[in-house]
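# What the coordinates show
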Amino acid sequence: MRKIERALISTYDKTDLLDIVNLLVKHGVEILSTGGTARHLREAGIEIIDVSDYTGFPEMLDGRVKTLHPKIHAGLLAQWDNDEHATQATESGIRQIDMVICNLYPFEETIAKPNVSLEEAIENIDIGGPTMIRAAAKNYKHVTVLTSPNQYSQIISELNDNDGCISENMRFELARKAFLHTSHYDNAISNYLDNLENDDGFGEALTVRYHKAASLRYGENPHQNAAFYRTETELPPCAAWAKQLNGPPLSFNNILDLDAALEIVKDFNTPTCAIIKHNNPCGLASAANLGEAFTNALECDRTSAFGSIVGLNRKVTIQTANTIRDAAKPGVKIEAVIAPSYTDKALHALSRVENRRILESGKLTSPQQIPQIRNVTGGVLIQDQDIYSLEKSDLQFVSKRKPTEEEIESLLFAWKACKHVKSNCILLAQDTQTVGIGAGQMSRVDAAIIAVRKAGEKAKDAILASDAFFPFPDGVEIAGDAGIRAIIQPGGSVNDESVIETADSYNIAMVFTGVRHFRH
């Protein structure tokens, strides 16, 4: 290992920078720097050499040209164990630069500002920094490149352990991360410029970046390898960034179901519980408190709730925890719970089941418009998230009998709930509690049959939500025979007239939304 003798430092994020620079100085390393970083180091009493003095060439073009000089880049790129390289560099007065510490101005922060202009965005594109990082990373056998303050503590330890040297294995790992750093930077710029020219907000190319959060034991089935990746920065409260407080590591299916559970309860302002099985709710209820909401949700389909995931949209108290714990005694196994937060007593009570996964999301916010990406073989699909909100004023009253105010409240609840059920969906509710759900059926009639069968006697005087229009009257006939009193559906079928006539024949109040909620 060769001892580091010269370091080039230029950083936007100066967190903990002095810790590593002071150590470099202690090891006799010469420091080259420029701009704000040079001022920061001088103010800390660290002796540095300005890049312009080192190269003999001044910064120019309003700072656009600082480090773009052969004395910098030949010093970074020369292979010093290559005699020809070493001779050429020496004859040109070029000295080796052994370390680069550089991170880039976060371009995303610029374009996230309200009303940012194209000119301002362009001016915040760094040229010298990425060029320096890439040169150092390419020549990792001779140069150590640091691109994040998170790397400093490990490098400080290695410098101390190796008398100012860095191992080649470490240099390679840092180079790998450096190329990730510059690729993310370039992607942010290209995505911004690409999207400027597309009215729908989707560019000509799609570049996404996720970081590996965990290797999973397996995927949907034990014979499938799997891993979990998430966004580079934390998004508003979501399952992917929730903090796990108890239980074994999450499985592939756990993560999918936890996401479904939390996204459903986000949609409701009153205390709400969703019980998820295979990415579908098998029970959903809003009530005066979480304990009551959980009990009502569980009553929808206690059998299917075995091995379920529970999502809650309020802080969990000991009363709610005890309600959940008591419900498990008759044979309802709850695999995981996700909620904004827990009291200490509630967490202790729920954690008595050691293998129950408990996650804390943080305070929930209203659903936000985050693009959704789905794989198909050979490609991906991207769409806006379905956050459409239906109000009473949006309803079209199409039947002879108009729904009562109580029925309207229940209709709006059911409509919001069916958005989160796989199509074809027929959902039955009493007040703000689901009583029967027919999910993921190829036929809307079959979905209606399943929902009515699961509801049993509770189908009588329930309301019904259909995520898409009824193509024929047969689904409404099933509802009428079961005693359904009101239906909410998008409308828009060529057979709307006969569907409405069928509803009238059963004295069913029917409203149209004009919007469907397919969830494939």
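For the structure, check the block above.
Notes on the structure in this doc start here. Computed from a predicted model, the values in this text were never measured in an experiment. (Residues numbered from 1 in each chain as written. Predicted model: local features only at pLDDT ≥ 70, side-chain atom pairs only at ≥ 80, totals over all residues. Heavy atoms only, no water.)

## Here we look at the overall build of the protein chain
The condition is simple: Under the DSSP-based scheme used, a helix requires at least four consecutive residues in state H or I and a strand at least two consecutive residues in state E, with every element numbered from the N terminus. Restricting the calculation to C-alpha atoms gives the radius of gyration, and the globule rule supplies 2.2 Å times the number of residues raised to the power 0.38. Burial classes: relative accessible area under 20% of the type maximum marks a residue as buried, over 50% as exposed, and values in between as partly exposed (1.4 Å probe, protein chains only). Contacts are assigned to residue pairs that have any heavy atoms within 4.5 Å of one another. With residues, only the protein chains shown are counted as cover, and all accessible areas are computed by Shrake-Rupley using a 1.4 Å probe. We treat Lys and Arg as the positive residues and Asp and Glu as the negative residues; His and chain ends play no part in the count. Charge placement uses NZ in Lys and CZ in Arg. For Asp and Glu, CG and CD serve respectively.
A count of helical and extended segments in the protein chain gives 18 helices and 21 strands. Radius of gyration (C-alpha) of the protein chain: 30 Å, far over the 24 Å computed for a compact globule of 520 residues. Considered along the principal axes of its C-alpha atoms, the protein chain spans approximately 100 × 55 × 45 Å. For the protein chain, the residues scored as buried account for 47% of the 520 residues in total. For the protein chain, the proportion of contacts with a sequence separation of at least 24, taken over those separated by at least 6, is 60%. Within the structure as shown, the protein chain displays about 25700 Å² of accessible surface, and the carbon and sulfur contribution to it stands at 49%. Of the charged side chains in the protein chain, 52 are positive and 68 negative, and the gap between their average positions amounts to 7 Å.

## Here we look at the packing of helix α1 (residues 17–26) against helix α2 (residues 35–43)
Basically, it comes down to this: An axis is simply a line fitted to the C-alpha atoms; with a helix, the fit covers only the stretch in contact. Between two such axes, the angle follows the N-to-C directions and lies from 0 to 180 degrees. Roughly parallel refers to an angle under 35 degrees, roughly antiparallel to one over 145, roughly perpendicular to one between 65 and 115, and oblique to any angle outside these ranges. Crossings are sorted by hand: turned counterclockwise from the far helix by less than a right angle, the near helix makes the crossing left-handed, and turned clockwise it makes it right-handed.
Axis separation between α1 and α2 bottoms out at 11 Å; the angle between their running directions is 70 degrees. Classified by the interaxial angle, the pair formed by α1 and α2 is roughly perpendicular. For the element pair α1 and α2, the recorded crossing hand is right-handed. Residues L17, L18 and V21 of α1 touch α2, and the partners they reach there are T37, H40 and L41.

## Section: the pairing of strand β10 (residues 280–286)
We count it as follows: Strand pairing follows a simple DSSP-based rule, namely that at least 2 bridges must link the two strands.
Of all the seven residues making up β10, seven are buried; the element is thus mostly covered by neighbouring parts of the structure. Relative to β10, strand β9 (residues 272–277) is paired through six bridges, and the arrangement is antiparallel. Within β10, the residue paired with T272 across the bridge is S286. Connecting the antiparallel pair β9 and β10 is a turn made up of two residues, with H278 showing a positive phi of about 55 degrees.

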